[in-house]
Amino acid sequence: MLNLSVPNSQENQSLLDATNWNVIETKFDPTQLHHKETVFTLSNGLLGTRGTFEEGYPQDFSATLIHGVYDDVTISHTELVNCPNWLPLVVQVAGQRFSMHTGEILNYERQLDLRLGIVSRDVRWRSPTGHTLDFHFERFASLADQHVLAIRCQITSVDFEGEITVEAGFDAEPYTQGVQHWQTLNQGGADNIIWLHSQTYHSSTQLGMAAKLVVEDDDSPSMHVENTSNSPSLATTFELLEGKTVTVEKIVTLFTSRETETPMTDALQRLADEPRYTTLLAAHITAWEQVWQDSDIIIEGDRISQLSVRYNLFQLLAVAPRHDERVSIPPKTLSGFAYCGHIFWDTEIFILPFLTLTQPALARNLLTYRYHTLPGARRKAQEAGYQGAMFAWESATTGDEVTPRWVPGANGELVRIWCGDIEVHITADIAYAVWHYWQTTNDDDWMRDYGAEIILDTAVFWESRVQWNQERNSYDILDVIGPDENHDRVDNNAFTNLMVQWHLQSALALLDWFKQAYPENSAQLVQKLNLTTERLHQWAEIQERLFINKDAQTGLIEQFEGFFQLEQVNLADYEPRSNSLQGLLGIEATSQKQILKQPDVLMLLYLLRDRYDYNTLATNWDYYTERTDHSYGSSLGPAIHAILACDLNQPTIAYTHFLRAALVDLEDVRRNAAEGIHAASAGGVWQAVVFGFGGIRMTQFGPVACANLPPGWTRLKFRLQWRNEWYDFDLQAEKQMEIANQEVKVPKADTHPAISGVIFDLDGVLTDTSEFHYLGWKRLADEEGIPFDREANEAMRGLPRRESLLHILGDRPAPEEKIQEMMERKNRYYLELMQKINTADLLPGVTNLLQELRASGIKVALGSSSKNAQTVIERLGIRDKFDAIADGYSVFQSKPAPDLFLFAAQQLGLSPSQCVVVEDAAAGIEAAHAAGMSSVGIGPVERVGRANVVLSSLKGLRWQDLHERVTTSKKTHALVEATV
C-alpha cells in the first residue's frame, strides 16, 4: 500500500485559517521565516519581490527578481540576479528601531489579499523601553503599471508621545546566492526624492530606480537626504501623540535597459508624474479585477481547496510577462533563486494550458519567447552534431544551453548532470504547446509568423536524432532522459519516442495547412528550412516505425528499454521518511530500481489522452503509480496523477494527489518552499481542477465537461476561452451524484420517475448515414486489400470508429500510427460523402416527434459516438431542437459503456432514471441499460430485442403513445425483477 497522506504541519495551519480570498498568518514564527517569505511573494509581470519585512529581519532572504535580468556566473553560466531592494522602510520610536526581533510582539497578523494583490501586516509592538504602538504596513507591485511599486505605513500610538523618525532607502548592491552582480553608477537625492542608477557587472544591464516619501499630514515635516557611499535614503521626523495615527507613503518607480535606453531618466520622469498611494492602488485593484473575471475558479464545499487554488493561480497570473515577448516564467517564478531563473519545460506543459484557455495574450507572449530563442536552439543542435533546432533543457536570454554539466553533490563530490545534453523531450514539448495554443485560439497569424517555424525546424532535428535499427526494422532514439529523471542515459524512452511521433505527424499536418492558407509564406519557410519532398517522406516513415515496447494484450508500455528488468521494490518499506527515495538511496542505487521521480509513461498518456483507451490507462496506472515517489519525488507529479485518477473514476484518490500539489507552497509539503513558488505545480493545480475534476475535454466544437467532483465539493465554476468565445461551466455535485449512480435498482411497484428527457442516437434513428459509412469503410478496405462487404458492415453497427476499424482488420497487425492514419482517412471519405446531407435526409417521423417533445417540455439530447455528429445535425437543420450534445469528443469510453448517455443526462440536468434512449444498435441498448435508462430500439428484434420498446421506425409515432409504452415497460420490468 502507498502512503497517500498529505503532510499537514501544525505550524502552517494559520495560513489556512482564512477567507476564500485571503492567506493569513496570525503568529510570527522565525523558524518559518524563509517559507513565509515565499508565500507572501508579490509580482506584477515585470518583477517579483519576496515577502520579507520592510524593516528587514536577521538572516532574511530578501529578493527582487526582474524578468530577463541575467548576469554571468560560474557553473550555471548565467543566473537571474537579485536586484537592488526597493523595500527598506525603517521606523524609529524615540530613537529605538522598530523590529520583529526586538521588544515584544503583542498582536500580529500578516495577510495576502489574492483578489486585490496586496500584502499587509498589522503589528502591536511594545518597544524595549515600554512604548506601545500599532503598525499597519501595506504594499503592492502595480499590475496597472509594472514600473510602479508602493508601500504605505500607518503608525498609531497606543501609549506613546514623542518623536518618530521614518527612513526610506534602497539596498543598492545585494548578493545572489553569495555572488554580487551590481555596481552603482550614480545615486543621489533632493527634496523628497532619491534615485539609484546601477549596472550588472557582466551583462551590463542597467537599472534606474527612484522613490519619494510622503507624510500624510497638513503640516508635512521636512525631509532630508542622506547619501552613503552607494545608496541614498530619505528621512523625516515628526511628533506623534497618544491615540493619533500618521500615514507615510513610499512610492517607487523602476526601469531597466531591457525596456528603455534611459532607465534612470525614465524612472525619475515617471515618479514626478505619479499620484498618491490611494490613486495608484485603485488602478492596481481594477487591473486585478479584470484578470480574475476571466481566470477565477469557484469551489464550494471545501475552503482549503478554494483558497489554495486561488493562491496558485494568483502567483501565475502575477508573474506572467505582459509586455515582453523575450522572457518566460522560471520554475520558481520570480520568488526564489533555485534553478537560477532558467526556463524549463515547466512553462509549456504545466503553465501554458491555464493561460491559453483564460489569458491567451499572455500565453502568446511566452510562446513567442521560444521563437526568439530558435537561434540558440539551432546552435545547440549544430554543436551536438544534429540538424534543425534542439531546444535547451535550461534556457535564459539567448536560448543557448545553460544547464550546468557538473554540480557539487551531497558529499562535496562533483555530479555529472546529463539533462542539458540528452533530456531532449523538451523539443517536442514546446512543439506540443505551440500546436495546442493554435488549436485553442485559432491564432493563424501567430502560427504563420512564429509557430510554424518552431514546429517544423524542431521536426528537422528529430529526423537527424533518430537511428535506424536494422535488426528490429525500426527507428530508435538512444541515450536520452525522460521526464522521470531517476533514470538517465536510457534508450527508447516511451514518452520521448511517442511525443516525437506526435510531433512529426503534427508537423506534416501543419505544413499541409500552411501551404493552403499562406502559399507565399510557406514557400519561403520551406526554402529556409530545406523541407524537401524526400525529407517529408522521411518524417512519415520515422513516425510510423519508431520503436515502442507496448504489450498488445494488456496495453502496458515499458518506460524505456530494460526498465522491466530493473529491481522491483516496495516503496512502503521506506516509510516513514522526510526525504526523496533518491536522497535516501543515492543516485546510482535508485537508477537500478523501478522507482520513479515523477510520471513518465503516465505523463504521456495524459498529454496524448485522446489516443489511448481506458484499459491502457488503467493497466499503466496500476503498474507505475505504485512505483512513483509521490511524497518527495518531483512536485510536477501529483497534479498529473490527480487528473488521471479522475479519468479512472477515482475522485477520492485524485483529491489526495491534488492536495499535494495545491498545498505544496502554503503548507510547505515538500519542505522546500523556502526556495520559491513551485510554478509548474501551480499550473498543474489548474489542470487538475479543470481537466480532472471538471472533466473538460477539448472537441472540434469547443470544450465539454464531464465532472467528477471529489468528496465535499458541492460546486465547481470556471470560464474557458476557446477560439475567441467564452464558455462558462457551473458544475454541481447533486447532479453528478445522480449521474454517478450507474446501478439499475429495482423500484417499488408504485414509484416510477416521470420521463423528462429523450436521448437520440444519430445514425439509423434520426438519419441514415450508414451508406456513407459503408462506402467510406469500403473504399479504405479496398485500398488496403482487405475483403469487406455489406454483411461485414452490418456487424459493425453502433461501434465507434476505432472498434470498427479493428473489426475490419481482424487478425491483421497494424501499428498505432497506421491505425490513426486509417481512421483519419476513412473519416475524410465520410466527410466528403456527407456534404450531400440536407433536411430531406431526416428519417420519417423525426421532425414531428422532435416538435412534440419541445411542445411537451421534454428535454432532448443527442447521444452519438460519432465525432461528426454535430456537423450532421446542423446540415439536417435540427441543431436547435437539442438541449445538449454528447458525441465522440465528450467522454473517454464509447458504447456499450454508459458514459456517453450519462454525460448527456448530466448536460440535461436529469437523473438517468428520468431519461429514455432511442437507439438502433445492440451496443447502444446495452449502454442505455448500463446507465440505468429505459430504451427504445429502432430496427429488427434480433438486433435491438433487449430494448424496453421495439419499433420498426419513428414514422407516425406520437410522444404520448411512446411515453405510455415506455412507462408500461418500466413497470413490467420492475415487477419481474421484484418477483425474481
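Refer to the structure above for everything that follows.
Residues numbered from 1 in each chain as written. Predicted model: local features only at pLDDT ≥ 70, side-chain atom pairs only at ≥ 80, totals over all residues. Heavy atoms only, no water.

Asker: Any details on the overall build of the protein? Residues and values, ideally.
Answerer: Looking only at helices and strands, the protein features 31 helices and 35 strands. Taking 2.2 N^0.38 as the reference for a compact globule, 980 residues should give roughly 30 Å; the C-alpha atoms of the protein span a radius of gyration of 32 Å, in line with that estimate. Accessible surface computed for the protein: about 37600 Å², of which carbon and sulfur atoms make up 46%. Positive and negative side-chain charges of the protein, numbering 81 and 130 respectively, have mean locations separated by a distance of 6 Å. (Helix = DSSP H or I, 4+ residues; strand = E, 2+ residues; numbered from the N terminus. Rg over C-alpha atoms; globule rule 2.2 N^0.38 Å. Areas by Shrake-Rupley, 256 points an atom, 1.4 Å probe, with all protein chains shown as cover. Lys, Arg positive; Asp, Glu negative; His and termini not counted. Charge placed at Lys NZ, Arg CZ, Asp CG, Glu CD.)

Asker: Lay out the nonpolar core with the relevant residues and their values.
Answerer: In this structure, Ile297, Trp345, Phe658 and Leu716 are the most contacted members of the largest nonpolar core, which totals 164 residues. Ranked by the residues each element gives to this core, the list is headed by helix α11 (residues 494–517), at eleven residues. In contact with Ile297, not counting residues within four places along its chain, are Gln306, Val309, Arg310, Leu313, Trp686, Val689, Val690, Leu716, Lys717 and Phe718. Listed in part, the 49 residues of the second largest apolar core include Leu46, Ile66, Trp182 and Val252. (Core = buried A, V, L, I, M, F, W, Y, C linked by side-chain atoms within 4.5 Å. Buried < 20%, exposed > 50% of the residue type's maximum accessible area, 1.4 Å probe, protein only. Contact = heavy atoms within 4.5 Å.)

Asker: Could you give me a rundown of the pattern of salt bridges, with the residues and numbers involved?
Answerer: On inspection of all chains with the given rule, the structure shows 55 salt bridges. Between Arg472 and Asp476 there is a salt bridge whose closest N-O contact spans 2.8 Å. Each member of the salt-bridge network shares a partner with another, and the members are Arg779, Glu783, Glu784, Lys818, Glu821, Arg825 and Glu832. (Salt bridge = Lys/Arg side-chain N within 4 Å of Asp/Glu carboxyl O.)

Asker: Please set out the sheet that holds strand β5 (residues 77–82) residue by residue, giving values where relevant.
Answerer: The strand order β2-β3-β4-β5 describes an open sheet built from four strands, whose pairing is antiparallel. Edge strands, defined here as strands with exactly one partner in the open sheet, are β2 (42–43) and β5. (Pairing = 2+ DSSP bridges.)

Asker: Talk me through the state of the cysteines; I want residue IDs and the actual numbers.
Answerer: The tally for this structure, following the rule as stated, stands at zero disulfides. You can see Cys706 has no disulfide; the closest cysteine sulfur is in Cys646, sitting 11 Å from it. What makes Cys706 partly exposed here is its relative accessible area of 30%. (Disulfide = S-S within 2.5 Å.)

Asker: I'd like to hear about the sheet that holds strand β16 (residues 193–200), residue by residue, with values.
Answerer: Spatial ordering of the open sheet is given by β1-β8-β9-β10-β11-β20-β17-β16-β15, a layout of nine strands whose pairing is antiparallel. Across the chains shown, the open sheet's two edge strands, defined by having one partner strand only, are β1 (22–25) and β15 (182–190). Between one strand axis and the next, the sheet turns by 15° as a mean value, whatever way the strands run. By the bridge criterion, nine bridges tie strand β8 (residues 104–113) to strand β9 (residues 118–126) in an arrangement that is antiparallel. Residue pairing in the sheet places Asp113 in a bridge with Ile118 of β9. This element, helix α2 (residues 263–273), spans β16, β17 (206–216) and β20 (245–256) of the sheet and lies at about 20° to β17. Across the sheet, helix α3 (residues 277–295) is in contact with β9, β10 (132–141), β11 (148–157) and β20; its angle to β10 comes to roughly 50°. (Axes fitted to C-alpha atoms, helices over the stretch in contact; angles between N-to-C directions.)

Asker: Describe unusual backbone geometry, with residues and values.
Answerer: With an omega of -5°, the peptide bond between Glu575 and Pro576 qualifies as cis. With a phi close to 70°, His77 is a non-glycine residue in the positive phi region. Tracing the sequence through the fold places His77 in strand β5. Taking relative accessible area as the criterion, His77 reaches 41% and is therefore assigned partly exposed. Of note in this structure, Asp668 is not a glycine but carries a positive phi near 50°. By secondary structure assignment, the location of Asp668 is in the loop between α19 (651–662) and α20 (679–693).

Asker: Give a detailed account of the packing of aromatic side chains, specifying residues and quantitative values.
Answerer: All chains considered together, the criterion is met by 45 aromatic pairs. Summarising the aromatic geometry, the rings of Trp345 and Trp393 are spaced 6.4 Å apart at their centres and angled 35° between planes, so their arrangement reads as tilted. With Trp345 in the loop between α4 (303–319) and α5 (346–358) and Trp393 in the loop between α7 (374–383) and β22 (406–408), this pair connects stretches of sequence that are 48 residues apart. We note that Trp345, like Trp393, is buried. One aromatic cluster is present, built from ring pairs that chain together Tyr432, Trp435, Trp438, Trp502, Trp513, Phe514 and Tyr518. Above the face of the Trp418 ring, Arg416 is positioned so that its terminal group lies 3.9 Å from the ring centre. Lying over the aromatic face of Tyr518, Arg448 brings its terminal NZ or CZ to 5.1 Å of the ring centre. (Phe/Tyr/Trp six-rings, centres within 6.5 Å; stacked < 30°, edge-to-face > 60°. Lys NZ or Arg CZ within 6 Å of the ring centre and 35° of its normal.)

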